[in-house]
Amino acid sequence: MMLDATTPVAYPNREVWGKFYAKFQLPLVNSLSSRYSYADREDAVEEAFHKLMHIKSREAYGENLPDTEAKWFSALYWQARSKLSHLRERLERHAEYVERAAQELSELFVCGFQGMMMDSELKSRALVRAFEMFREEQDVSRRDLSIYVRRMCGESAKVVASRYGITSNNVDQIKYRMGILLRKHCPGCFERALRVEARSSGLGLAA
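Everything quoted here is computed from the prediction, not taken from an experiment. (Residues numbered from 1 in each chain as written. Predicted model: local features only at pLDDT ≥ 70, side-chain atom pairs only at ≥ 80, totals over all residues. Heavy atoms only, no water.)

1. A look at the overall build of the protein chain
Part 1: Looking only at helices and strands, one finds eight helices and zero strands in the protein chain.
Part 2: Counting from the amino terminus, helix and strand elements in the protein chain follow one another as α-α-α-α-α-α-α-α.
Part 3: Its C-alpha atoms give the protein chain a radius of gyration of 25 Å, clearly above 17 Å, the size a compact globule of 207 residues would have.
Part 4: The C-alpha extent of the protein chain, read off along each of the three principal axes, is 75 × 50 × 25 Å.
Part 5: Out of the 207 residues in the protein chain, the part that is buried amounts to 33%.
Part 6: Intrachain contacts of the protein chain at a sequence separation of at least 6 include 69% that bridge at least 24 residues.
Part 7: Only carbon and sulfur atoms are counted for the fraction: they give 51% of the accessible area of the protein chain, which is about 12,800 Å².
Part 8: Here the protein chain contributes 32 positively and 28 negatively charged side chains, and the mean placements of these two sets differ by 4 Å. (Helix = DSSP H or I, 4+ residues; strand = E, 2+ residues; numbered from the N terminus. Rg over C-alpha atoms; globule rule 2.2 N^0.38 Å. Buried < 20%, exposed > 50% of the residue type's maximum accessible area, 1.4 Å probe, protein only. Contact = heavy atoms within 4.5 Å. Areas by Shrake-Rupley, 256 points an atom, 1.4 Å probe, with all protein chains shown as cover. Lys, Arg positive; Asp, Glu negative; His and termini not counted. Charge placed at Lys NZ, Arg CZ, Asp CG, Glu CD.)

Quick look at the structure:
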């Protein structure tokens, strides 16, 4: 795609934005890192157009207001790239949270499997998978899990309530409800997750 880097362009109106979208959308998607899925790259480009068209004001550019076709393409590219970067950061933070929470709750998940010999890496992967299974299937929030873990780690109901802006009674109710769900469903989630991870590693587990 050829971009005009010399001909001055006025601040885009709706018609010009439409022309930019038709010309830039696909090249922008393809120019972003393939580390991200095609769908994520498409979403990032859509967000970039939305922000530059409807949210970012002309004054916000200051002396860096794009004044050629090539510069507007560059502005859209960097906006889309920023969007993907933030997405990656959120995914990394979520992955760290899942691993940490799975380890904190590991005794509940592996209840009944303590005497079973298993590779530590296999166990860790199964714990993470089981934790995600549990959250999705039981539709529990990160907040409620965190409240349960904090109470089980010795924090008082009063301290936890203050942290989350709820009452001590709410904290105890959440702890009780989460305890029932975890004890009931964690071992089954872990067993299924263990079988999935074992198969993917080429290992066999008895039925």
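There's plenty left to go through after this.
2. Remarks on the pattern of salt bridges
Part 1: Scanning all chains against the criterion turns up 11 salt bridges.
Part 2: A salt bridge links aspartate 144 to arginine 177, with the nearest nitrogen and oxygen atoms 3.4 Å apart. Note that aspartate 144 is positioned in helix α6 (residues 142–152) and arginine 177 in helix α8 (residues 168–200), a separation of 33 residues in sequence.
Part 3: A residue is classified by how much of its surface remains accessible, and aspartate 144, at 11% relative accessible area, is buried.
Part 4: Its salt-bridge partner being aspartate 172, residue arginine 151 comes within 3.7 Å of it at the nearest N-O pair. (Salt bridge = Lys/Arg side-chain N within 4 Å of Asp/Glu carboxyl O.)

3. Details of the side chain of glutamine 79
Part 1: You can see glutamine 79 is positioned in helix α3 (residues 69–104).
Part 2: Taking relative accessible area as the criterion, glutamine 79 reaches 18% and is therefore assigned buried.
Part 3: What glutamine 79 contacts, discounting residues up to four positions off in sequence, is Ala48, Lys51 and Leu52.

4. Focus on the packing of aromatic side chains
Part 1: Tallying each qualifying case throughout the model produces 10 aromatic pairs.
Part 2: With centroids separated by 5.3 Å and ring planes inclined at 75°, the aromatic side chains of tryptophan 17 and tryptophan 72 adopt a geometry described as edge-to-face. Linking tryptophan 17 in helix α1 (residues 14–31) with tryptophan 72 in helix α3, this pair joins segments that are 55 residues apart in sequence.
Part 3: The class of tryptophan 17 is buried, set by a relative accessible area of 4%.
Part 4: The exposure class of tryptophan 72 is buried, given its relative accessible area of 0%.
Part 5: Ring geometry for phenylalanine 24 and phenylalanine 73: centres 5.2 Å apart, planes at 90°, overall edge-to-face. With phenylalanine 24 in helix α1 and phenylalanine 73 in helix α3, this residue pair connects regions lying 49 residues apart in the sequence.
Part 6: Three or more aromatic residues joined by ring pairs make a cluster, and in this case those are Tyr11, Trp17, Phe20, Tyr21, Phe24, Phe49, Tyr61, Trp72 and Phe73. (Phe/Tyr/Trp six-rings, centres within 6.5 Å; stacked < 30°, edge-to-face > 60°.)

5. A look at the packing of α6 against helix α7 (residues 157–164)
Part 1: Contact pair α6 / α7: the axes reach a minimum separation of 10 Å and the direction vectors enclose 155°. Judged by the inter-axis angle, α6 sits roughly antiparallel to α7. Here α6 and α7 pass one another in a crossing that is right-handed. Here α6 contributes Arg143, Ser146, Ile147, Arg150 and Arg151 to the contact with α7, which in turn contributes Ala157, Val160, Arg163 and Tyr164.
Part 2: For the contact of α6 with α7, a count of residues per class yields four nonpolar, one polar and four charged. (Axes fitted to C-alpha atoms, helices over the stretch in contact; angles between N-to-C directions. Parallel < 35°, antiparallel > 145°, perpendicular 65-115°, else oblique. Left-handed = near helix turned anticlockwise from the far one by under 90°. Nonpolar A, V, L, I, M, F, W, Y, C, P; charged D, E, K, R; others polar.)

6. Some points on a negative patch on the surface
Part 1: Together, Glu42, Asp43, Glu46 and Glu47 make up a negatively charged patch on the protein surface.
Part 2: If you trace the backbone, glutamate 46 turns up in helix α2 (residues 38–55).
Part 3: Judged by relative accessible area, which is 35%, glutamate 46 ranks as partly exposed. (Patch = residues over 30% accessible without salt bridge, like charges linked within 9 Å, V, L, I, M, F, W, Y side chains within 5 Å.)

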